[in-house]
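# Report on the structure
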Amino acid sequence: AQSVAQPEDQVNVAEGNPLTVKCTYSVSGNPYLFWYVQYPNRGLQFLLKYITGDNLVKGSYGFEAEFNKSQTSFHLKKPSALVSDSALYFCAVRDGGPGNTPLVFGKGTRLSVIA
Amino acid sequence: ETGVTQTPRHLVMGMTNKKSLKCEQHLGHNAMYWYKQSAKKPLELMFVYNFKEQTENNSVPSRFSPECPNSSHLFLHLHTLQPEDSALYLCASSQDLQETPYEQYFGPGTRLTVT
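The written sequence of each chain sets the order in which its residues are numbered from 1. Note on labels: chains are lettered from A, ligands numbered from 1, in written order. In keeping with the model being predicted, local features are shown solely for residues with a pLDDT of at least 70 and side-chain atom pairs are shown and tallied solely at 80 or more, while totals for entire chains, interfaces and linings include all residues. Processing note: side-chain calculations cover all non-hydrogen atoms of the structure and skip hydrogens and water entirely.

### A look at the sheet that holds strand β8 (residues 73–79) of chain B
All names here are of chain B.
- Taken in spatial order, the 4 strands of this open sheet run β1-β3-β8-β7, and their pairing is antiparallel. Each of the sheet's edge strands pairs with one partner strand only, and the pair in question is β1 (4–7) and β7 (64–70). Neighbour to neighbour, the strand axes of the sheet diverge by 20° on average, direction disregarded.
- Here strand β3 (residues 18–25) pairs with β8 via 7 bridges, running antiparallel. Bridge assignment links lysine 18 to a residue of β8, and that residue is histidine 79. Any two strands between which DSSP finds at least two bridges are classified as paired. Think of it this way: any DSSP run of H or I at least four residues long counts as a helix, any run of E at least two long counts as a strand, and we number them from the N terminus. Helix axes are fitted to C-alpha atoms over the stretch in contact, other axes to C-alpha atoms as well, and angles between N-to-C directions run from 0 to 180 degrees.

### Side note on the pairing of β3 of chain B
- Pairing of β1 of chain B with β3 of chain B involves 4 bridges; the strand directions are antiparallel. The residue bridging glutamine 6 of chain B from the neighbouring strand is cysteine 23 of chain B, located in β3 of chain B.

### A few points about the interface of chain B and chain A
- Contacts between chain B and chain A engage 23 residues on the former and 22 residues on the latter.
- Buried surface area refers to the total accessible area, computed with a probe of radius 1.4 Å, that the two partners give up upon joining, counted for both partners together. Taken together, both faces of the contact between chain B and chain A bury some 1,800 Å²; the carbon and sulfur share is 53%.
- Think of a salt bridge as a Lys or Arg side-chain nitrogen and an Asp or Glu carboxyl oxygen that are within 4 Å of each other. Where chain B meets chain A, there are 1 salt bridge.
- Residue glutamate 103 of chain B pairs with lysine 49 of chain A through a salt bridge whose shortest N-O separation is 2.8 Å.
- Two N or O atoms form a polar contact when they lie within 3.5 Å of each other; inside protein one atom must be a possible hydrogen donor and the other a possible acceptor, and for residues adjacent in sequence the pair counts only when both atoms belong to side chains. The interface formed by chain B and chain A includes 4 residue pairs in polar contact (both at pLDDT 80 or more).
- Counting residues per element, the ones that place at least two in the side of chain B that touches chain A are β4 (31–37) and β9 (87–94) of chain B.
- Of the residues that constitute the side of chain B that touches chain A, the class distribution is 11 nonpolar, 5 polar and 7 charged. Whether two residues touch is decided by their heavy atoms; if any such pair falls within 4.5 Å, the residues are in contact. Three residue categories are used. Nonpolar comprises Ala, Val, Leu, Ile, Met, Phe, Trp, Tyr, Cys and Pro, charged comprises Asp, Glu, Lys and Arg, and polar comprises the others, including Gly.

### A word on unusual backbone geometry
Residues and elements named next belong to chain B.
- Omega for the bond connecting threonine 7 with proline 8 falls within 30 degrees of zero, at -10°, which places this linkage in the cis form.
- Of note, proline 8 is situated in the loop between β1 and β2 (10–13).
- Even without being a glycine, phenylalanine 51 presents a positive backbone phi close to 50°.
- On the secondary structure map, phenylalanine 51 appears in the loop between β5 (44–50) and β6 (53–57).
- Burial here depends on accessible area, computed with a 1.4 Å probe over protein chains only, as a share of the maximum for the residue type. Under 20% is buried, over 50% is exposed, and the range in between is partly exposed. Judged by its relative accessible area of 45%, phenylalanine 51 falls in the partly exposed class.
- The phi dihedral of threonine 80 falls on the positive side, at around 45°, and the residue is not glycine.
- With respect to the element layout, threonine 80 can be found in the loop between β8 and β9.

### Quick word on the pattern of salt bridges
All names here are of chain A.
- The final tally for this structure, using the stated rule, is 5 salt bridges over all chains.
- With a closest N to O distance of 2.8 Å, lysine 78 and aspartate 85 form a salt bridge. Aspartate 85 matches lysine 78 in its accessibility class, with the two residues each being buried.

### Considerations on the nonpolar core
- By convention a nonpolar core is built from buried Ala, Val, Leu, Ile, Met, Phe, Trp, Tyr and Cys residues, the set being connected through side-chain atoms within 4.5 Å. Counting 28 residues, the largest nonpolar core has Trp35, Leu47, Leu48, Phe74, Leu76 and Tyr89 of chain A as the members making the most contacts within it.
- Every element with two or more residues in this core is listed here: β2 (10–14), β3 (19–21), β5 (31–38), β6 (44–50), β8 (64–68), β9 (73–78), β10 (87–95) and β12 (109–114) of chain A.
- For leucine 76 of chain A, the contacting residues outside a window of four places in its chain are Leu19, Thr20, Val21, Trp35, Leu47, Leu48, Phe63, Glu64, Ala65 and Tyr89 of chain A.
- Among the nonpolar cores identified, the runner-up in size contains 22 residues, and Met32, Leu74, Leu76 and Cys91 of chain B belong to it.

### A few points about the environment of lysine 49 of chain A
- Structurally, the position occupied by lysine 49 of chain A is in strand β6.
- Along the chain, lysine 49 of chain A and tryptophan 35 of chain A lie 14 residues apart, while their C-alpha atoms are 6.4 Å from each other.
- When near neighbours in sequence (up to four residues on either side) are disregarded, lysine 49 of chain A contacts Leu33, Phe34, Val57 and Phe74 of chain A together with Pro101, Tyr102 and Glu103 of chain B.
- In terms of polar contacts, lysine 49 of chain A uses its side chain to reach the side chain of glutamate 103 of chain B, at 2.8 Å.

The quantities given are spatial measurements derived from coordinates; they are silent on function.
Shown next as structure tokens:
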């Protein structure tokens, strides 16, 4: 069975500081990993994904994520946080093993960037 | 968000009512999804359609009935709901379902309150 964990319900960071939102996963095959962001009263928006290749994936709005197979992690990062980055962030995983398994989402991490 | 639209945006219904949620995607995608988002819980996948055929029913109670008349439209028919069904219902679409997953595009959601 596949699963994803976001260990922090809330992350607070000062504007201009680097931010990290953590995600760990568990799959039986190779993982397909995604990050989505949700602003208030909006649906989820795709930020980036890892399918294969380079472990560092660059996405929208200056975000990037690093795939670490040994630590089964896919943490979301940004070098310099903006107040407008404040939102709910979701990590999601799909098992790349046989079959067409659905995407599994984490519970979400609320990021608050303080001016 | 003109890519995936959902109506209504807000719905209040009694437990004996019958109502329907509508989703329309303007992206030329072939897969569509219904999710339930409750506070502090992971996003719950409810149904998946690929080329108008239902491919996933995630043990959803029969009081929720999906309908996919074509690849651009998805409905969720509701009847005799319970208060615990109150949540944000999100529709999403993706190019289709393949071994290597495409990212999903989400609508803004329908905020449902069951009284």
